[in-house]
Amino acid sequence: MAFSTTDPKFEKFRELFAKARSVLVLTGAGISAESGVPTFRGSGGLWRQFKATELATPAAFAQSPSLIWEFYQYRRELVQTKEPNKAHYALVEAEKRFEKEGKRFVVLTQNIDGLHRRAGTSNLIEMHGNLFKIRCTSCSLVEENNDNPICEALRGRGLPDVENGSEIPLKDLPCCRQCQSLVRPHVVWFNEVLWPDVLKKINEEMDQCDLFLVVGTSAVVYPAALYASMLSMKGIPVAEVNIESTPSTSAATFHFEGPAGEILPVLLAPTTDASS
């Protein structure tokens, strides 16, 4: 059912939100899709002839660092042309308000595009990393890098519909400023596990949250796909905002259907009842 402020569940959620002391928000590709960032899922989800799931793997990087860096150069360039949307900013405003009231509001995102950070979110856990961070394959140094192109050899090499022919030599690919070894995107690829420090932070936030909001995630990527049902089983209210039903919908106390950019500014707006 389409989102409506006359739905009794809307007011019920607003009451819970006003009383919540620690809100955890999980966001997925859907919130960034509203900014024009491709989800790389379903039809139209190909880059050249490849699926993202074929490229975003350690094995693919080992086989062809050149190809994988071309793919990530494309993604970096693309995201740099996009801007945060109303949903991102609604989360920022809610976080600021909670902080002033001595309460906790944390965004846990599966997205690697950095749009939450650019919007102004401070309490942010990027569980899958960030397109604009790199990690050395030898010394493990992690650094932020916003260069475009990330190295001269990748200039013009990320176009999705253009085969560039020869592989870029390893010596010309992005390298570590500390030890000059090959670097990789500091992201979690398929067949990799979340970093231990990130898992620790997620578990800490899940332990203390008293309201869980799921926004724009397909609920098919693990472990995030489990979070709604885990918290629901503990009696924590779960609210889902999505353009369609997902595997998390059955665990949700509230399901608000529609674009996050339209729903979140209304759903998370300040309450007019000062006693709440």
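Preceding this paragraph is the structure being described.
Residues numbered from 1 in each chain as written. Predicted model: local features only at pLDDT ≥ 70, side-chain atom pairs only at ≥ 80, totals over all residues. Heavy atoms only, no water.

What follows covers the nonpolar core. Counting 32 residues, the largest nonpolar core has Trp47, Ile68, Trp69, Phe71, Tyr72 and Trp189 as the members making the most contacts within it. Apart from residues lying up to four places away in sequence, Trp189 is in contact with Ala56, Thr57, Pro58, Phe61, Ile68, Tyr72 and Arg184. Formed by 27 residues, the second largest nonpolar core is a distinct cluster that contains Val25, Ala87, Ala94 and Ile263. (Core = buried A, V, L, I, M, F, W, Y, C linked by side-chain atoms within 4.5 Å. Buried < 20%, exposed > 50% of the residue type's maximum accessible area, 1.4 Å probe, protein only. Contact = heavy atoms within 4.5 Å.)

Counted according to the given criterion, the structure contains ten aromatic pairs. Here Trp47 and Phe71 contribute two aromatic rings whose centre-to-centre distance is 5.2 Å and whose plane-to-plane angle is 55°, an arrangement assigned as tilted. Linking Trp47 in strand 2 (residues 46-47) with Phe71 in helix 5 (residues 65-79), this pair joins segments that are 24 residues apart in sequence. Each ring, one from Phe254 and one from Phe256, has its centre 6.1 Å from the other, and the planes form 10°; the classification is stacked. Like Phe254, the residue Phe256 is buried in the burial classification. Site record: aromatic cluster; members linked through ring pairs are Phe13, Phe17, Phe98, Phe105, Phe254 and Phe256. Between Lys103 and the ring centre of Phe98, over which it is positioned, the NZ or CZ distance is 4.4 Å. Looking at Arg184, its charged tip hangs above the ring of Trp189, at a distance of 3.8 Å from the centre. (Phe/Tyr/Trp six-rings, centres within 6.5 Å; stacked < 30°, edge-to-face > 60°. Helix = DSSP H or I, 4+ residues; strand = E, 2+ residues; numbered from the N terminus. Lys NZ or Arg CZ within 6 Å of the ring centre and 35° of its normal.)

As a further point, take helix 8 (residues 196-208). Given a rise of 1.5 Å per residue, 13 residues ought to cover 18 Å, and the 19 Å separating the end C-alpha atoms of helix 8 matches this to within 8%. Those residues of helix 8 that fall on the buried side of the exposure criterion are Val198, Ile202, Glu205 and Met206. Around the axis of helix 8, the buried residues are gathered within 100° of arc, so they sit on the same side. Opposite the buried face of helix 8, at more than 90 degrees from it, the exposed residues are Pro196, Lys200 and Asp207. For helix 8, the elements touching its buried residues are strand 1 (22-27), strand 4 (104-109), strand 5 (124-126) and helix 9 (224-233). (Expected span 1.5 Å × (residues − 1). Arc of directions from axis to C-beta.)

Take the pattern of salt bridges next. For the coordinates displayed, the defined rule picks out twelve salt bridges. The salt bridge involving Arg155 is made with Glu152; its shortest N-O contact spans 2.6 Å. Looking at Glu152, the relative accessible area reads 54%, which means it is exposed. Close ionic contact of Lys200 with Glu204 constitutes a salt bridge, the shortest N to O distance being 2.8 Å. Placement of the pair is Lys200 and Glu204 together in helix 8, with a separation of four residues, close to one helical turn. Classification of Lys200 as exposed rests on a relative accessible area of 53%. Salt bridges sharing partners connect three or more residues here, namely Arg48, Glu70 and Arg157. (Salt bridge = Lys/Arg side-chain N within 4 Å of Asp/Glu carboxyl O.)

What follows covers the environment of Gly216. Within the secondary structure, Gly216 sits in the loop between strand 9 (211-215) and helix 9. It is 7.5 Å that separates the C-alpha atoms of Gly216 and Ile243, two residues lying 27 residues apart in sequence. When neighbours within four sequence positions are excluded, Gly216 is seen to be in contact with Gly28, Ala29, Gly30, Ile31, Val241 and Asn242.

Turning to its location among the elements, Glu95 is positioned in helix 6 (residues 86-100). Despite its burial, Glu95 pairs with no opposite charge, the nearest such side chain being Arg117 at 7.9 Å. (Lys, Arg positive; Asp, Glu negative; His and termini not counted.)

Another aspect to go through is the sheet that holds strand 9. Taken in spatial order, the six strands line up as 5-4-1-9-10-11 in an open sheet, and their pairing is parallel. Across the chains shown, the open sheet's two edge strands, defined by having one partner strand only, are strand 5 and strand 11 (254-257). Between one strand axis and the next, the sheet turns through 15° on average, direction left out of account. As paired strands, strand 1 and strand 4 are joined by six bridges and run parallel to one another. Each bridged residue has a counterpart across the sheet, and for Leu24 the counterpart in strand 4 is Val106. (Pairing = 2+ DSSP bridges. Axes fitted to C-alpha atoms, helices over the stretch in contact; angles between N-to-C directions.)

In this section: the packing of helix 6 against helix 10 (residues 260-267). Running from N to C, helix 6 and helix 10 point in directions that differ by 20°, and their axes come no closer than 7 Å. Overall, the two elements helix 6 and helix 10 adopt an arrangement that is roughly parallel. Where helix 6 crosses over helix 10, the two elements pack in a sense that is left-handed. Touching Lys86, Ala87, Ala90 and Leu91 of helix 6 are Ala260, Gly261, Leu264 and Pro265, all from helix 10. Its residues assigned to classes, the contact of helix 6 with helix 10 shows six nonpolar, one polar and one charged. (Parallel < 35°, antiparallel > 145°, perpendicular 65-115°, else oblique. Left-handed = near helix turned anticlockwise from the far one by under 90°. Nonpolar A, V, L, I, M, F, W, Y, C, P; charged D, E, K, R; others polar.)

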